[in-house]
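The primary structure of each chain is shown beneath.
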Amino acid sequence: MKKESLLNYLYRFFDIIVLLFIVFDFGYDFEENYNSPHVVGLILLSVGLLAFNSFKFFNYSLRSNKKVVLINMVLLSIMLLICGFISLVNSSLHSVFILQKIKPFLEGGLILYFLLRLMVFVRHIYDIYFNPAIVFVGSFMILVLIGGFLLMLPSATTNGITFTNALFTATSAVCVTGLTVVDTAVDFTIVGQSIIIVLIQLGGIGILTFTSFFAFFFRGSTSFKEGLNTKDFIAHEGLKDVFRAALNVVIFTLGVELVGAIFIYSSIIDNPAISNEFYFSIFHSISAFCNAGFSILPGGIINETVRFNYYLQWILMLMIVLGGLGHNIVFNFFHYIKTYVIELFKQKVIHKKIRIITLNTNIVIYTTLILLVGGFLFLYISEYNNTLLEHKTVFGKVTAASFNAVSPRTAGFNAVDYTQMNVPSLLFIIFLMWIGGSPASTAGGIKTSTFALATLNIFTVARGKSRIQLFGRRISSESTARAFAILSISLITIGISIMALLIFEPKDTPLLTVAFECFSAYSTVGLSLNFTQTLTEPSKYVLIACMFIGRIGMLNLMVGLLRRLNHQFYEYPKANILIN
């Protein structure tokens, strides 16, 4: 055991060396980037890592540890073989050109290697500290801090960035919000934009889900503590097959993003204003599915080059809706369709009268449809003689109104200048932002199910009933109480944020502008009345806290901190309180 412990310490030392090389390589620009000593250092480091992993493979006793090391060895070997093959093919060229060709493969391989090691480190945290809520919040906090420091690297921005702006951008990316104090397209280089999209992906799915995915995929085994952590994040009931569920979440997310990127690519392939169509497609596919709202076009989707590209907007809307529904709803529908098809072609299969579509799915779907259709109709009527006038066709008006109804559901893409909208439209958009998407999805807000339960409870109380009954099911009082707790916390947090911004901002700042910004931040939407980039330093930190609380959920943090392990098996006498 002492031998393996020493190897683990050496392993972590090599992890730090790899991290320093990656930061040094990507974070700083050099005039002679390909024949400088650090490229040779990358090759020597890769060979050293392969040798050390080989040594560990023959000295580790646990089978699970051997499997992880074997994956590392395969990754490093493939990377070095590719570099060797490229060197042999181009052996007639000067060494400078050979280094230029193999350097991207070295960088990509070492980044992937470090990500695998990072997942192992996060898994180690599970074993030394157990509290699902604290681990969940801590993972987001660490990710935000790392992202903030990475965005401060010289090669990440065109003209440098302050710590506050870097921290704000990192928080907005990890919390999949989309509010920006600097222009993502102008002020960040492709390195900085790549850092942002990685933060969006990790923040959207959750680093805990990725960790569980790698742990299950590479090791084939997981701990009980990991099961509790992952179960809470992906909203999986029970511990059975929780890691297969995490595996399905990752595969589903990456698959949808890949298909979305292909369709986005087909919609902008003839656009001469977009220089790198492939990168544009990948970036906006991830940003749309994760409901982040970041764009690498100046001004976003309102940019003249794609403003009237209705095909692109419908693709983005579909991606936003899929991400906002969540994997549970999509998987539930997939199971229903699969069962229906099996029974259709196999007539001998005896159908058992069991519910496939869950009550949660019904509530989410019906609430989502009501909000989407209602939002479209309201905004189409309200803005018909205003912002919709620039769209000359009926299809264009329908697309614009639909996009304006979908985007506030925490996506944050702006295809219209919101400062030109009528006040009733802005108030309705604030309402849509506050509700947000669905539980266990990439969306924010109080969630559709929370709003539905709160609304249904009003009619239940008015009818003199003690429980909400819907679709032949009785909803527990715990769910109703949790819904109202989330409503109260959201309004309190947003109210405090509005008061703080009114204090820190100039006295003539409109209340509607401040309220719109705070609702957008808490619900992780990213829409703004052109107010974010004019914020004072204290106001930026207020919105950073607001975005973070909105993403992690203050109730989750409070439950993790205040929940008692010992249960009280007694009750106090009941007392009624006068209300209204």
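For the structure, check the block above.
Residues numbered from 1 in each chain as written. Predicted model: local features only at pLDDT ≥ 70, side-chain atom pairs only at ≥ 80, totals over all residues. Heavy atoms only, no water.

A.B. asks: Hey, could you run me through the overall build of the protein chain in this one?
C.D. replies: Summing up its helical and strand segments, the protein chain has 22 helices and 2 strands in all. Counting the 580 residues in the protein chain, one finds 51% classified as buried. Counting only contacts in the protein chain whose residues sit at least 6 apart along the sequence, the fraction spanning at least 24 positions is 72%. (Helix = DSSP H or I, 4+ residues; strand = E, 2+ residues; numbered from the N terminus. Buried < 20%, exposed > 50% of the residue type's maximum accessible area, 1.4 Å probe, protein only. Contact = heavy atoms within 4.5 Å.)

A.B. asks: I'm lost on the pattern of salt bridges in this one. Help?
C.D. replies: Pairing between side chains becomes possible if they bear opposite charge and their charged atoms approach one another. Under the definition given, this model contains 3 salt bridges. With a closest N to O distance of 3.1 Å, Arg307 and Glu304 form a salt bridge. Taking the shortest distance from any N to any O, the salt bridge between Lys540 and Glu537 comes out at 3.4 Å. Residue Lys540 and its partner Glu537 are both found in helix 21 (residues 537-552); the two are separated by 3 residues, about one turn of the helix. Residue class for Lys540 comes out buried when judged on its relative accessible area of 8%. Residue Glu537 is classed as partly exposed on the basis of its relative accessible area, which comes to 39%. A single network of salt bridges, built from pairs that share partners, joins Glu304, Arg307 and Glu390. (Salt bridge = Lys/Arg side-chain N within 4 Å of Asp/Glu carboxyl O.)

A.B. asks: Looking at this structure, how should I read helix 20 (residues 511-522)?
C.D. replies: Taking 1.5 Å of rise per residue, 12 residues should cover 16 Å, and helix 20 covers 17 Å from first to last C-alpha, within 8% of that figure. Here helix 20 lies mainly inside the structure; 10 of its 12 residues are buried. Every buried residue of helix 20 is accounted for by Thr513, Val514, Ala515, Phe516, Glu517, Cys518, Phe519, Ser520, Ala521 and Tyr522. With its phi angle positive at about 50°, Thr524 sits one or two positions after the end of helix 20. (Expected span 1.5 Å × (residues − 1).)

A.B. asks: Just to check I follow, could you spell out the packing of helix 18 (residues 448-462) against helix 19 (residues 477-504) for this structure?
C.D. replies: Angle between the axes and distance between the axes are the two parameters that describe a pair of packed helices. For the pair helix 18 and helix 19, the least separation of the axes is 9 Å and the interaxial angle reads 110°. When the axes of helix 18 and helix 19 are compared, the pair comes out roughly perpendicular. Two secondary-structure elements touch here, helix 18 through Thr450, Leu453, Ala454 and Asn457 and helix 19 through Ser479, Thr480, Ala483, Phe484, Ile486 and Leu487. Partitioned by chemical class, the residues of the contact of helix 18 with helix 19 number 6 nonpolar, 4 polar and no charged. (Axes fitted to C-alpha atoms, helices over the stretch in contact; angles between N-to-C directions. Parallel < 35°, antiparallel > 145°, perpendicular 65-115°, else oblique. Nonpolar A, V, L, I, M, F, W, Y, C, P; charged D, E, K, R; others polar.)

A.B. asks: Just to check I follow, could you spell out the packing of aromatic side chains for this structure?
C.D. replies: Remark: the centre distance and the inter-plane angle together describe each pair of aromatic rings, the angle taken between the planes. Tallied over the entire structure, the rule returns 10 aromatic pairs. Summarising the aromatic geometry, the rings of Tyr279 and Phe283 are spaced 6.2 Å apart at their centres and angled 50° between planes, so their arrangement reads as tilted. Taken as a pair, Tyr279 and Phe283 lie in helix 12 (residues 277-289) at a separation of 4 residues, close to a single helical turn. Each member of the pair, Tyr279 as well as Phe283, is classed as buried. Here the aromatic residues Phe378, Phe428, Phe431 and Phe451 are joined through ring pairs into a cluster of three or more. (Phe/Tyr/Trp six-rings, centres within 6.5 Å; stacked < 30°, edge-to-face > 60°.)

A.B. asks: Looking at this model, I keep getting lost on the packing of helix 8 (residues 190-205) against helix 12. Mind explaining?
C.D. replies: Viewed as axis vectors pointing N to C, helix 8 and helix 12 meet at an angle of 30°, and their least axial separation amounts to 9 Å. On the basis of their axis angle, the class for helix 8 and helix 12 is roughly parallel. Both helix 8 and helix 12 take part in a crossing whose hand is left-handed. Two secondary-structure elements touch here, helix 8 through Ile190, Gln193, Ser194, Ile197, Ile200 and Gln201 and helix 12 through Tyr279, Phe283, Ile286 and Ser287. Classifying every residue of the contact of helix 8 with helix 12 by side-chain character gives 6 nonpolar, 4 polar and no charged. (Left-handed = near helix turned anticlockwise from the far one by under 90°.)

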